Every structure is written in structure tokens, then in C-alpha cells.
Amino acid sequence: MICQKFCVVLLHWEFIYVITASNLSYPITPWRFKLSCMPPNTTYDYFRLPAGLSKNTSDLNGHYETAVEVKFNSSGTHFSNLSKTTFHCCFWSEQDKNSSLCADNIEGKTFFSTVNSLVFQQIGANWNIQCWLKGDLKLFICNVESLFKNQFKNYNHEVHLLYVLPEVLEDSPLVPQKVSFQIVQCNCSVHKCCECLVSVPTAKLNDTLLMYLKITSGGVIFQSPLMSVQPINVVKPDPPLGLHMEITDDGNLKISWSSPPLVRFPLQYQVKYSENSSTVIREADQIASATSLLVDSVHPGSSYEVQVRGKRLDGPGIWSDWSTPHVFTTQDVIYFPPKILTSVESNVSFHCIYKNENKIVSSEKIVWWMNLAEKIPQSQYDVVSDHVSKVTFFNLNATKPRGKFTYDAVYCCSEHECHHRYAELYVIDVNINISCETDGNLTKMTCRWSTNTIQSLAGSTLQLRYYRSRLYCSDSPSIHPVSEPKDCHLQRDGFYECIFQPIFLLSGYTMWIRINHSLGSLDSPPTCVLPNSVVKPLPPSSVKAEITVKTGLLKISWENPVFPETNLQFQIRYGLSGKEVHWKIYEVYDAKSKSVSLPVPDLCAIYVVQVRCKRLDGLGYWSNWSSPAYTVVMDIKVPMRGPEFWRIANGDTMKKEKNVTLLWKPLMKRDSLCSVQRYVINHHTSLKGTWSEDVGNHTKYTFLWTEQEHTVTVLAINSIGDSVANFNLTFSWPMSKVNIVQSLSAYPLNSSCVILSWMLSPSDYKPMYFIIEWKNLNEDDEIKWLRISSSVKKCYIHDHFIPIEKYQFSLYPIFMEGVGKPKIINSFTQDGIEKHQNDASLYVIVPVIISSFILLLGTLFISHQRMRKLIWEDVPNPKKCSWAQGLNFQKKMPGTKELLGGGWLN
């Protein structure tokens, strides 16, 4: 009644008023509300009011005055007689019918306007209003939509929002003065909708915002009551993103989505979906607090359409707009999942729903096939539900590519047929070996890995990921949830190489290879590397090699690298220098050792030596081999012996005087150790005593033998001294008549070998050794000789022999007292030649006889087969000849023991 009395007074003053009480502000709700402005004493046939409210403005009190829709009277009205009219503007909401508010002037005075339109005087005006705070919590928006019909489209329409944000509302008992309000012009579109934007500081989100609207339409100014709101209570987030649908392992439809970006609080979601199939049509609307929702009993051959919106979970808020509709259609045969990417030795399962002729096949009647070639045993089947069948594969092996197909096709079939759709199974061997080594300067760690052991999958990418612990490695490394990628580059040898620099020597680097694919990701077994444990030291330096004098050992020395500072073991390889070195390995475990001496078989050869090192505890890698070091050939010791020698004696035996020429071959390096500078001949006779003659590097020396006995010795001299062991030869006139060789025979084995055999007569003299001489009598060749042990009775002489030539063979027994009488023959032994020829013929004839016998057997076998074929060629087949079908070919012929079929009776 107070509001009506004020209206009567202020109408006389031709002003519209505003109540000054601070509690008369309309609280903005999360839903849409209306602003209705009506002339007084209006009959509310033009409005559809909520039940229970008066339809005459004169009956309305100061709290309830509502209007919903303007009805335009089209009966025709005279516009010439205009009057001043006062309008009552009220807020109300259909969601909250017990709350409404009517407005007067905020300054406490009556507000009036001259209404230039008879239409407004008759029916008033209405607007739909909704206000919210954007999801980013930065912009407050009010949307004002006019409910004027098309007859009012020519009116100019302007909307202004006036607002104030007090520091603390409780400290302001009165409504703020008009000058305190800031004004915002709203953006009005051609669709009668205006949008008002207010920037709200983040710190003011929980403060109360006061505002009101000024609406100008057709020359009429409408002013709303005060509105109040805490922006944080009317947050409207953006629609959810990434709407996705898939079938779960148990045959349900999983609807998932992502929260909108920049949301600072949890949301609840409303999901509406519809299913349309030949057998089922249904719609549903559900609330979810998570970003996914399960729909049970998915059906083959169905179409699902889904939309999602979100709202603040705790506290008031406004639902976001609906997301873009997402449609998901199921096939007649549903595999879930349709594709699986897994690693070897894993277990996976496929599920299937089979629809045949609009009828879902029972899961008990479903069978599974692999590549339509191998039926999967029923022991691997499981019945999940009446219509969902499952097959499980255990301990899988890597998929073998079949042409362009890099997967195995898994078919779900009924008992009688298979649908052409199939599931795809990709099995990859992810056992990738990652090897790392730390350089000798301890500044970087290089890790390498190869993909040659795994099957390449189109569309996949490989990435090394790692996690660094603060100290050491765990006993059982595992994939850490927090990891970092590492850039690796493909090298020419097919390996990927990654470099860690700088490094922490005592930190454990757990690393693995991740295979990323649209079907998922696979990780290789993780390995943990401690940089300090994979050091590859620098090779030892200053490597030297020499053969030591007198001791005759290969001495090798080196210097240790600076890093690592731990004890080292060493490995030495050495061998004779040449194009291909046959290395010998020697290992040194004494960390303090810097040299080693090794025995070698040939002290006069050039040796090449290299050294490498590794941590003594076995961790890490061997260093590279050092630069090679070479020995220098030099005299190490005195010659081990003098040369073997023989003589050629010419002269008159009657005068007891002969010219003796000594012959010897140059000493080998292994005997001379390592060179011979000259040879010295030592003589000894009973009359002249002992004397020496230096013959230099010659290998022939002639002297005159005149005394009864004359002993000579040939010595080899090098830079160290003369030979230790030497051969002596005594020439004695009495001993030259001692004959102990009874017989001598020469048998030619072939053109390059002759067998020489002999027999000795009993004698008191024991020979030390024998000398064999031979020469071609038809040519002036030098005499060739050979020293043979005294225990030998047969000798093979290897030389070039011509059968038609004559050869002389001589056998000299050598005694300690002197050279005995030789046995000389001038031709080959004839019976020996025939014997050896017969032996040779035997070796030729026997193989010829064996080969002829085998050939004869083969000929007889082939002839037998051909004769059998010719004989039985005309015998009819009873199955093909009508006249022979009645005959029994197993019946015995009259008067014979032979069967008609070719067999024999026992």
C-alpha cells in the first residue's frame, strides 16, 4: 500500500520514483528472468501472469508486479491524442515466482516519461535478461532480449547498463548515488538482442555488483529496478571439448570429453544422448562429475548422438552452452577394441558382438579365427555376457609381416559364417638394447641404440626418455612417471646416438625407448646407467717396445691415462709385423705396473705392440688400442751355434795332400741372434797347433790338408760375440779307410723325391751322423749335401730329378775321429724301380675296377626298370577297361604259379 500511495503522489508531480531502501535490489539468479514495464490501471489481458497474481496494476503492491508477454491490439488506435504516462517496471522469474521487484527512481523521486507511442500506453514493454561471468573469470555479461513483436522493429532500441562495485557492501547502508554508477553501452544486434560487457577484477569476484538498465525504445526511456549479484555465483564455463565415444572391453559405450580450458574450479556435467537402431530407440539425460560416462548395452548397427555441457560443481553457477553434437555409429560386428598394439610375451583380449540379419548372435555360438587360416582353440574363449564373447591370446610372439600387412587379423564369426570385418593385432618386439659410454675426459656420455631388432610400424615414432636420480641406480629399474625426452640422431651405421652433456657421474640415468603410435605407446624394458660405471678411458700413451739385450725378452712400457682415477687393468697385444698380424694377448692386472717383459719365439723379428686399459673392477669399457709401437732388429745374444758345413776334397791321395773346400749355408736369424758380421775358421793340427782365419761373410773356404789329422771349426760372429755351439769336422787319413756302409740303394719315388736306404756292417766305430751327397753326372752342377742322424736307415731326398739322367749318390759316415769311407752308387736301383712302378699300377687299377663294377650295377638296374615298363605297358587297368573289369587279376593262371597281376604264390 505504501508503494501505491507514492505512485499516486508522484503521478501528480509527473515523476517516476525509486525506493531508497538498500535492501530493495533484485538478486540476479543463475537462470533467465524478465523485466516488464506496464502503465498503471492496465487490464492484464495483454499479459499472461503467473497464477495468483492480480491482473490490474492498481491492485499490485510494492513487491509483486509481473508481466510475461505483450499482446498487441490490432483493432486500430488513434495516435493523435498523446498523454504523459507513468510505467511500473518489475523483475520476475518463472523459476522463482515468489520473488519480484518493482522499481522507482534511485534518487527517491518519481520518474516519468512522455510516451509518444499509444502502443506503449496500452500494453507496456517486456525483456528477457540473463547475466553471467565467463569461464575465464574476467568478463561479466548481461544479455537483454526484447520481446517486442515485429510491429516494433522500426523503433530505435538502445540499452545502457549502469553499475557500481562497492568496496564493501556492508559499509554502504544506502543505495549508491547516481553519480557513483559507471555506464556501459550495450551492443544491440538486429535480432533485438543486446549484450552488455563489464570487466571485473579478479579480486572483486566475491564482492557484490550493483547495477540497473536504461532502455530507450521508440523515444521512451525505461529504467529497471536495481540488480545485485556476486559474479563468482553466476559463472558460465565454456562448453566441454574433445567429445569422444568408444566401446569398452565389457561392451558398454564410453562417452568421454575434456574440460574447457582455463577453468579454475571443478565442474559437473550434463550429458544428453540418443540411440537409434532397428531394434532400440531411446533418449537419456544424465549428470556426471567426471569427464566420462558409461552407457550400458551398446547395440550393433546403432547410431548414437551425444551433447555435453558443464556447470560449477560446488556452489551456484550457470550451465554452459551445449557442445557440438557428436555422432557415433556401430557396425554389425563390433570389436572392442578394434585394434591392439602390444609387445611380445604379453597377454591381450578382444571382445566381440555379432549381429546377423537384425539378430544378435549368442556369445556361446561365436567362434574366433586368426587370419581366416587358423581356428583359435575354444580354451581361449570367455563368455562375458549373453551377446559379448572374448578371446585371449597368451605370451604373444612378434607379428610376422605378410606383404603389406603388418598385423594379424582376428575374426569373430558365427558357427556358419564370418563377417568381412576383423580386428587388428600388432605385436612388437620392444627389447631394445641401450648401451652408453662415458668419454675418457669424463665430460659427456654417449648412448646408442638400434631398431634393427624391432619391426617398423607405419606411423610410429621412437623416442628415448630418461629420468635422472640424485644418486646411483636402483636394483630393479622401472619407468618413472616423470621423465624427459632426449634428442637422438640416426647414424650411418643404423644406430641412433644421443649425447648427455654435462653429466653427473654418480647419478643414475634410467632410460627406455618409447614407441608412440595412434594405437597407443609401448615402452622398452628400462635400463639404468651410472656414468661413472661406463667409462671408456683414453688409451695408454708413450707405448714403447724393444727386445732386451742378453735376456732376449720383448719389453713393453707405457704411461697411464689421467682419467679415471681408479685402478686400471691392461691388455697387451703383440705379433709379428706384416700385412696380417696374428695377435697374441697378454693381460696385466697389477694397477701399479707400467711395463712388462714377454718371451717371444723369434728374437730377430720386428714386433708390433699395442696397449689398452679398463677399470680393474671390470666396470666400463676397454679403451681404444694405443698407437702401435715397433721393435728394432738388433743383436740380442751371441749366435746360438755355428753353421753346419761339409767339404769337397780334391787332390792326390798318394802324396797325402788334398785341397779341401768347406761349404756352409748362411745362418738363419733365429740361430745368429740376429745377424752375422763374419765367419771365422779355427784349425787344429798336431804339428801347427791351433790358428784362426777370418773369411768375412763368405760361405766357402779352401785350405790344404797335409797332415795326418786336421780338425776345422766354423764360428759365426755378431756384435755381441762368437757362436756358442759349433760343428767340428776332422779329416784323418786312417779314418778315411774305415768302411761301415755295407750297401746303398736309391729308389726314385717321383721326379721330386728319391728314397735312399742303406745297411751298415758291424764295426767298433760308432758314427755321429751321416752326410749324403748327390749330383747330376751329366751336368756340372755343384754337389748337394744333407746331414742325417746316425739312427736313420732311410732318407727322403727332395730335389728335381730327371729320370733319364744319371745321378751319383754318396753316403759318408762321420766319426768323432774323422770322416769314414763313403759308399757311392751312380744309378738308381733297378728292382726298386720295378717294385715302385708295380705299386703305382696297383693304386691305379684297383679304383678303375671298383668304378667299373658300380657302373655295371647301375646299368643292370636301369635295364630292369625299362624292361618292366615295356612288358606291363599293355596290361589294362580294370577301372578303365570295360572288358577287363570282370577279371580277377589276383587269380592264378591255369598251369602256372604266376598271378595275373604279376605276383607269385608262395
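Residues numbered from 1 in each chain as written. Predicted model: local features only at pLDDT ≥ 70, side-chain atom pairs only at ≥ 80, totals over all residues. Heavy atoms only, no water.

On to the overall build of the chain, then. A tally of regular secondary structure across the chain gives four helices and 63 strands. The 906 residues of the chain split such that 43% are buried. Once local pairs closer than 6 in sequence are excluded, the contacts in the chain between residues at least 24 apart make up 65%. For the chain, the exposed surface amounts to about 50,100 Å²; the carbon and sulfur share of it is 51%. (Helix = DSSP H or I, 4+ residues; strand = E, 2+ residues; numbered from the N terminus. Buried < 20%, exposed > 50% of the residue type's maximum accessible area, 1.4 Å probe, protein only. Contact = heavy atoms within 4.5 Å. Areas by Shrake-Rupley, 256 points an atom, 1.4 Å probe, with all protein chains shown as cover.)

Together, Glu779, Asp780, Asp781 and Glu782 make up a region of like negative charge exposed at the surface. Position of Asp781 relative to the elements: it lies in the loop between strand S59 (769-776) and strand S60 (784-789). Residue class for Asp781 comes out partly exposed when judged on its relative accessible area of 40%. (Patch = residues over 30% accessible without salt bridge, like charges linked within 9 Å, V, L, I, M, F, W, Y side chains within 5 Å. Salt bridge = Lys/Arg side-chain N within 4 Å of Asp/Glu carboxyl O. Lys, Arg positive; Asp, Glu negative; His and termini not counted. Charge placed at Lys NZ, Arg CZ, Asp CG, Glu CD.)

This paragraph deals with the packing of aromatic side chains. Applying the stated criterion across every chain yields a total of 29 aromatic pairs. Aromatic pair Tyr26 and Phe91: ring centres 5.1 Å apart, planes at 35 degrees, arrangement tilted. Residue Tyr26 is located in strand S1 (residues 26-27), and its partner Phe91 is located in strand S4 (residues 88-92); the two are separated by 65 residues in the primary sequence. For the pair Tyr26 and Phe91, a shared accessibility class is recorded, and that class is buried. Taking the centre distance of 5.6 Å and the plane angle of 45 degrees together, the rings of Trp705 and Phe731 count as tilted. Pair noted here: Trp705 is in strand S54 (residues 700-705) and Phe731 is in strand S56 (residues 728-732), with a separation of 26 residues, a long-range link. (Phe/Tyr/Trp six-rings, centres within 6.5 Å; stacked < 30°, edge-to-face > 60°.)

Within the secondary structure, Ile788 sits in strand S60. Looking at Ile788, the relative accessible area reads 11%, which means it is buried. When neighbours within four sequence positions are excluded, Ile788 is seen to be in contact with Trp758, Tyr769, Phe770, Ile772 and Cys795.

A separate point is the nonpolar core. Counting residues in hydrophobic clusters, the biggest one holds 63 residues, and the most contacted among them are Phe140, Met211, Ile255 and Trp257. Broken down by element, the residue count for this core peaks at six residues, all from strand S7 (residues 125-134). With 27 residues, the next largest nonpolar core counts Leu663, Trp785, Ile814 and Val819 among its residues. (Core = buried A, V, L, I, M, F, W, Y, C linked by side-chain atoms within 4.5 Å.)

The next point concerns the pairing of strand S28 (residues 367-370). Note that S28 and strand S32 (residues 408-413) share four bridges and pair antiparallel. Its bridge partner being in S32, Met370 is matched across the sheet by Val410. When S28 meets strand S29 (residues 374-375), the two strands line up antiparallel, connected through two bridges. Residue pairing across strands places Trp369 opposite Lys375, the latter belonging to S29. The antiparallel hairpin formed by S28 and S29 contains three residues in its connecting segment, where Asn371 sits at a positive phi of about 55 degrees. (Pairing = 2+ DSSP bridges.)

In this section: the pairing of strand S43 (residues 541-547). Sheet topology places S43 next to strand S44 (residues 553-559); five bridges connect them, and they run antiparallel. Looking across to S44, one finds that Glu546 is bridged to Lys555.

In this section: the sheet that holds strand S63 (residues 823-825). Read across the open sheet, the four strands follow the order S60-S59-S62-S63; overall the sheet is antiparallel. Two strands close off the open sheet at either side, each with one partner strand: S60 and S63. Sheet twist, expressed as the mean angle between neighbouring strand axes with direction ignored, is 15 degrees. When S59 meets strand S62 (residues 807-814), the two strands line up antiparallel, connected through eight bridges. Counterpart to Lys775 in the pairing with S62 is Gln808. (Axes fitted to C-alpha atoms, helices over the stretch in contact; angles between N-to-C directions.)

Scanning the model with the defined rule gives 10 disulfides in all. Here Cys413 connects covalently by a disulfide to Cys418, the sulfurs 1.8 Å from one another. Between Cys413 and Cys418, the S-S torsion sits near 100 degrees, and that sign places the bridge as right-handed. Residue Cys413 is classed as buried on the basis of its relative accessible area, which comes to 0%. Judged by its relative accessible area of 35%, Cys418 falls in the partly exposed class. Sulfur-sulfur distance for the disulfide between Cys436 and Cys447 comes to 2.0 Å. An S-S torsion of about 110 degrees defines the bridge between Cys436 and Cys447 as right-handed. Here Cys436 is found in strand S34 (residues 434-438), whereas its partner Cys447 is found in strand S35 (residues 445-450), with 11 residues between them in sequence. (Disulfide = S-S within 2.5 Å.)

This part covers the sheet that holds strand S46 (residues 584-588). Taking strand neighbours across the sheet as the criterion, the four strands line up as S46-S45-S48-S49 in an open arrangement whose pairing is antiparallel. At either end of the open sheet lies a strand with only one pairing partner, and these are S46 and strand S49 (629-630).

This paragraph deals with the environment of Leu341. Among the secondary structure elements, Leu341 is positioned in strand S25 (residues 339-343). When its relative accessible area of 12% is taken as the criterion, Leu341 is described as buried. Sequence-wise, Leu341 and Tyr426 are 85 residues apart; in three dimensions their C-alpha atoms are separated by 4.7 Å. Among residues more than four places away in sequence, those in contact with Leu341 are Tyr426, Ile428, Leu457, His517, Leu519, Gly520 and Leu522.

In this section: the pattern of salt bridges. One pass over the full model with this rule turns up 12 salt bridges. Close ionic contact of Asp207 with Lys204 constitutes a salt bridge, the shortest N to O distance being 3.9 Å. Taken as a pair, Asp207 and Lys204 share a single burial class, namely buried. Three or more residues are tied together by salt bridges with common partners; here these are Arg448, Asp493 and Glu497.

Before going further, it helps to examine a nonpolar patch on the surface. Among the surface-exposed residues, Val846, Ile850, Phe853, Ile854, Leu856, Leu857 and Leu860 lie close enough to one another that they form a single nonpolar patch of about 690 Å² accessible area. The topology assignment puts Ile854 in helix H4 (residues 830-871).

Its location among the elements puts Asp408 in strand S32. This buried residue, Asp408, is left without a salt bridge; Arg402 holds the nearest opposite charge, at 4.2 Å. Not counting chain neighbours up to four residues away, the residues in contact with Asp408 comprise Met370, Asn371, Thr399, Arg402, Ala423, Glu424 and Leu425.

Next up on the list: the confidence of the model for the chain. Across the chain, the average pLDDT comes to 81, with 79% of residues at or above 70. Here residues 168-173 scores under 50 on pLDDT; set against residues more than four positions off or in separate chains, the count is four contacts. Contacts from residues 889-906, a stretch scored under 50 in pLDDT, to residues over four places away or in other chains number 27 contacts. (pLDDT = per-residue confidence, 0-100.)

This part is about unusual backbone geometry. The peptide bond linking Phe336 to Pro337 adopts the cis configuration, its omega dihedral lying at -5 degrees. In this fold, Pro337 is placed in the loop between strand S24 (333-336) and S25. Here the amide bond leading from Gln501 into Pro502 is cis, since omega sits at 0 degrees, within 30 degrees of zero. Among the secondary structure elements, Pro502 is positioned in the loop between strand S39 (495-500) and strand S40 (509-517). Unusually for a residue other than glycine, Leu673 sits at a positive phi of about 45 degrees.

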